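# Observations on chain architecture
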Amino acid sequence: MTTHERLRPWLHNSPTVLVWRLAIVYVLLFVLRAIFYLANTDTLGPLSRGEIPALVRGGILFDTANICYCYCLFVVLSLLPFRIRERAWYQRMLFWMWIVVAGVIVSMNLADTVYFHYAKKRITVDELHFADNDNTGHILWRAAGENWYLILVGAVLVWGAAWLYRRVKPAPSRIRNPWVFGGVYGALTLVSGVLLVGGMRGGLSHAIRPIAMSQAAQFAASPAKASAVLSNPFCLLRTMSNRKISYVKYFADSAELAARFSPYHYPVPDSLRHARFGSQHGKNILIFVLESFSYEHSAYLNPELYKGEVSYTPFLDSLMREGYLFRRGYANGRKSIDALPSVLSSIPSFKTPFVITPQSLGETRGLGRLLGEEGYSTWFFNGSENKSMGFVAYAKLSGVENARTRENYEARMGRQDYDGYWGIWDGPFMQYMARELDEAPKPFFATIFTLSSHHPFVVPEEYEAILPEGRTKVQRPVAYTDRSLRDFFDYARRQPWYDNTLFVFTADHVSSEVYGEESKTPTGNSHIVFFMYAPDGSLRGDDPHTAQQIDLMPTLLGLTGYEKPFFAYGQDIFEVRADSTRAATEGFAINYVNEAFQWITDSTAMFFDEHDVTHLFDLHRDPLEQHNLIERGVRPDPAQVERLKALLQTYYEHLERSDFTVRPEAEKR
């Protein structure tokens, strides 16, 4: 008996043949990606040898998701625990199912190759609205004529894939007992289902969200090259739930729109600003994005709520007393993935989280890139997995160069500090970050996104008897993170970089676990811990006016003396506060809650459904938001309504164009 004859039962059983057929698709996608890159080298830029491993890893990750989406039914039908699978007609059905999908993959990616040259993006659901144009057929016919060679290449690829498919055929199963046959293939079907779900999501860990297009940036040296990591039909399928960007155009005149709201900032020297708030020029900057740190967790901020009881944030309370506190600080989003665009790039999220939109791959000049160009080393820290929640991917999109995650921690410190759910406990991970910052080139700009104050609301065993239990499940983990911050500062104070660092604290969003009645209102459910602390005492104050996460970027740029134009939806808080007449009228916060846009000022909360103001509350007299002034005939401030409309129109116009930078034409003021 020859070797092939001995191996034949193993080489031709159904699971092995299935692996072979899926491997063909991987090869097909690899070839299509190479064609895409070669045809668009001018746009994508040259590819260095050092970039290739990351691009390959990213390509495999997205190709796996692509294949799982496209071939999930094929995989299940190939492993069903029924003998009917061995019939000739059934195998023919599987072949045509496989080859038709392969044809779609080839045609879509070759279409992408052409389309990217013009649109600088992959085909997504947004392109489908062109399908009903009268000239669509003509355009497609012309494009086919101009790119006839790609049609030839596509035909060859599909023919080659079909030839490879037929090279290995499944043999009848050698398992004769029907119960054993059913058990084996039933188990394989179940296992394949689990693996398919994991492939679609980008992993099996519960800490991983379904893989989004923006995560391609994690594997690319530039946003443009992120498009080379992606492939179709994945991009189309992942954006099916994203409706075409539609919005109301309130202002037909662009000059009027810009006069009411503009994201273009042109810094100018402001002696009044510096006289009141000083400068942090040349200092390191460290931002703590604190998971679920609602305003209500602090007894210092809520003396009436706790009335002398222990605070769940005693260390942060001590820093608030010595720093610059924004008492009316608000989150711009509802989820963790909303926070980083707001904090690092001054881009809010409304109906759809910004990071999962295809437009998020557009050029973004966030704090990382702007400060990096000024000589800062730039860092992002998160104790979860590298691809968890797309945090690292977005930090990189915003211009941050260096990222440290669970993988880096465990490579250096071991695996004993994994919390069993999300990543490394905040305490040891902050100590690790402190030592990384010891070695970082100065000045540095760093951001850490904490994770321990999150469901399932557990703390390390040694802290269970030490920390207060809390009125809600999240407050003991909040107290743990606060203690971790204290330990971090105990170490940092002894380091030479400490006194020359500006520390910034903001929550990502309000916790799902709230206690106080005000925290249960739409406005209170956006109210977060938000302050700055300079160890040298150069920045102190208790600010009663409204501020928001998207104000951080322009404010920090102002504090460091940044003088170049930049793009941001927020405003420099201290520039506004420098003029006391502006502070009470121009401070605002915006987010999307309960299917409406919420606009918060010092005195009111206004809810807008894109057409009308539906609710208006007086926050001074009615903090629990029980009396809608609209129903009593009170009209909102027309200036605030017009400003809200202008911001929304500006936001969606720029989102539609993937335009998040100050363009040359915008600089011609």
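Scroll up to find the structure.
About the cut-offs
- Residues numbered from 1 in each chain as written.
- Predicted model: local features only at pLDDT ≥ 70, side-chain atom pairs only at ≥ 80, totals over all residues.
- Heavy atoms only, no water.
- Salt bridge = Lys/Arg side-chain N within 4 Å of Asp/Glu carboxyl O.
- Helix = DSSP H or I, 4+ residues; strand = E, 2+ residues; numbered from the N terminus.
- Buried < 20%, exposed > 50% of the residue type's maximum accessible area, 1.4 Å probe, protein only.
- Core = buried A, V, L, I, M, F, W, Y, C linked by side-chain atoms within 4.5 Å.
- Contact = heavy atoms within 4.5 Å.
- Pairing = 2+ DSSP bridges.
- Phe/Tyr/Trp six-rings, centres within 6.5 Å; stacked < 30°, edge-to-face > 60°.
- Lys NZ or Arg CZ within 6 Å of the ring centre and 35° of its normal.
- 1 Å grid on protein atoms, 1.4 Å probe; cavity = no way out; pocket = protein on both sides within 12 Å on 5 of 7 lines; lining within 4 Å.
- Points joined across faces, edges and corners; volume = space filled by probe spheres on them.
- Nonpolar A, V, L, I, M, F, W, Y, C, P; charged D, E, K, R; others polar.

Attention shifts here to the pattern of salt bridges. Tallied over the full model, the rule gives 20 salt bridges. One salt bridge in this structure joins Lys351 and Glu610, with 2.6 Å as the shortest N-O distance. Here the residue Lys351 occupies a position in the loop between α15 (336-345) and α16 (367-373), and Glu610 occupies one in the loop between β13 (604-608) and β14 (613-618), the gap between them amounting to 259 residues. As a salt-bridge pair, Asp543 and Arg577 come within 2.6 Å of each other at their nearest N and O atoms. Highlighted residues: Asp543 in strand β9 (residues 541-548) and Arg577 in helix α22 (residues 573-577), separated in sequence by 34 residues. Arg577 sits in the buried class, given a relative accessible area of 4%. One salt-bridge network, in which partners are shared between bridges, spans Arg404, Arg412, Glu436 and Glu439.

Counting residues in hydrophobic clusters, the biggest one holds 138 residues, and the most contacted among them are Phe288, Phe488, Phe489, Phe503, Phe505 and Met532. The dominant element in this core, judged by the number of residues it contributes, is helix α24 (residues 638-657), at eight residues. In contact with Phe288, not counting residues within four places along its chain, are Met430, Met433, Ile448, Leu485, Phe488, Phe489, Phe503, Val504, Phe505 and Thr506. Among the nonpolar cores identified, the runner-up in size contains 35 residues, and Leu28, Leu79, Phe95 and Ile99 belong to it.

Now for the pairing of strand β7 (residues 501-507). Within β7, seven of the seven residues are buried, which leaves it mostly tucked inside the rest of the structure. Covered by surrounding structure in β7 are Thr501, Phe503, Phe505 and Ala507 together with Leu502, Val504 and Thr506, the residues of both alternating faces. The pairing of strand β2 (residues 284-290) with β7 spans seven bridges and is parallel. Bridge pairing links Ile287 to Val504 in β7. Pairing geometry for β7 and strand β8 (residues 530-533), over four bridges, is antiparallel. Residue pairing for β8: Phe505 is matched across the bridge by Phe531.

The next subject is the packing of aromatic side chains. In this structure the tally under the stated criterion is 51 aromatic pairs. Measuring from centroid to centroid gives 6.2 Å for Phe354 and Tyr394, while their planes differ by 80°, and the two rings are edge-to-face. Remark: Tyr394 occurs in helix α17 (residues 391-397) and Phe354 occurs in the loop between α15 and α16; sequence separation between them is 40 residues. On the basis of relative accessibility, which here comes to 0%, the residue Phe354 falls in the buried class. The positively charged end of Arg166 is found above the aromatic ring belonging to Phe95, 4.0 Å away from the centroid. The aromatic ring of Tyr491 is capped on one face by Arg435, whose charged end is 4.2 Å from the ring centroid.

Further remarks concern empty space enclosed by the protein. All chains considered together, the criterion is met by three cavities of 30 Å³ or more. Lining the largest cavity are Ser14, Val17, Leu18, Arg21, Ser78, Arg85, Gln91, Leu94 and Pro170. Elements supplying a minimum of two residues to the lining of the largest cavity: α2 (14-39) and α5 (88-119). Of the residues forming the lining of the largest cavity, the biggest block, four residues, is contributed by α2. Among the residues making up the lining of the largest cavity, the classes are represented as four nonpolar, three polar and two charged. In terms of lining, the second largest cavity is formed by Asp419, Tyr421, Trp422, Trp425, Leu451, Ser452, His454, His455, Pro456, Phe457 and Val458. Here the residues of the lining of the second largest cavity sort into seven nonpolar, three polar and one charged.

Any functional reading would require information beyond the geometric quantities listed.
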